[in-house]
Amino acid sequence: MTERIVVVGAALLDGGRLLAARRSAPPELAGRWELPGGKVEAGETPEAALVRELREELGIETEPVERIPGEWPLKPPYVLQVWTARIHSGSGDPKPLQDHDELRWLAPGEIWDVPWLDQDVPAVREAATRLDTGPR
Ligand SMILES: Nc1nc2c([nH]c(=O)n2[C@H]2C[C@H](O)[C@@H](COP(=O)(O)OP(=O)(O)OP(=O)(O)O)O2)c(=O)[nH]1
């Protein structure tokens, strides 16, 4: 069996906008934009990993809403799964505490204004279709 490690990404939706995060490391990914998140650890559910990663990386408390159907290959053995998520009220604004050096809330017409990681493009396309109906 080949090892397969799930990376969870958050499509954080707020006010009809999607949060994009610019990676600061490693060098081959730095400067490109992604959905914040990270690797699911042993014994952890993807939803718990998402909440933990967003707390660590952005300093926010969040709630996963729904899994976006599909799974996208990253550098083996990693695969990307994406959940839409919302920020708890009173949690404050996300801050680039770890792994990122800039954050942007993208309105529907701005989704393709940032250079996403190539492997994130199909997932972002799916996430963008949820903007109209996402939490406000
Ligand atoms: N978080 C995240 N990682 C992504 C995306 N697209 C993509 O190729 N990756 C890659 C980058 C990394 O090689 C891997 C996830 O690593 P990470 O650095 O975000 O995860 P982590 O916090 O758990 O990592 P670590 O520092 O604990 O090793 O997946 C994405 O949209 N979000």
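Before reading further, recall that the structure is shown in the block above.
From a predicted model like this one, the values you see are computed outputs, not experimental measurements.

Taken together, 16 residues lie around the ligand, and Gly 9, Glu 34, Gly 37, Gly 38 and Lys 39 are the ones closest in. The element that contributes the greatest number of residues to the shell around the ligand is strand β4 (residues 37–39), accounting for three residues. A per-class count over the shell around the ligand returns seven nonpolar, four polar and five charged.

Right, let's get into the pairing of strand β5 (residues 62–73). As paired elements, β5 and strand β6 (residues 78–87) share eight bridges and run antiparallel to each other. Each bridged residue has a counterpart across the sheet, and for Glu 63 the counterpart in β6 is Arg 86. Once β5 ends, the chain turns through four residues before running back antiparallel as β6.

This next bit is on unusual backbone geometry. Going from Ala 25 to Pro 26, the amide bond is cis rather than trans, its omega being -15 degrees. Structurally, Pro 26 is set in the loop between β2 (17–23) and β3 (33–34). Pro 77 follows Pro 76 through a cis peptide bond whose omega is 10 degrees. Among the secondary structure elements, Pro 77 is positioned in the loop between β5 and β6. Located in the positive-phi region is Asp 99, a residue other than glycine, with phi close to 75 degrees. Considering the arrangement of structural elements, one finds Asp 99 in the loop between β6 and β7 (100–106). The class of Asp 99 is buried, set by 21 C-beta atoms lying within 10 Å.

In this section: helix α1 (residues 46–58). In a regular helix each residue adds 1.5 Å, so 13 residues correspond to 18 Å; α1 covers 17 Å between its end C-alpha atoms and thus fits that length. Taken together, the buried positions of α1 are occupied by Ala 49, Leu 50, Val 51, Glu 53, Leu 54, Glu 57 and Leu 58. Against β1 (5–14), β4, β5, β6 and β7 lie the buried residues of α1. Note on α1: the residue one or two positions beyond its end, Gly 59, has a positive phi of about 70 degrees.

Parameters and conventions
Residues numbered from 1 in each chain as written. Predicted model: local features only at pLDDT ≥ 70, side-chain atom pairs only at ≥ 80, totals over all residues. Near = placed C-beta within 6 Å. Helix = DSSP H or I, 4+ residues; strand = E, 2+ residues; numbered from the N terminus. Nonpolar A, V, L, I, M, F, W, Y, C, P; charged D, E, K, R; others polar. Pairing = 2+ DSSP bridges. Buried ≥ 20, exposed ≤ 12 C-beta atoms within 10 Å, placed from the backbone. Expected span 1.5 Å × (residues − 1). Contact = placed C-beta atoms within 7 Å.

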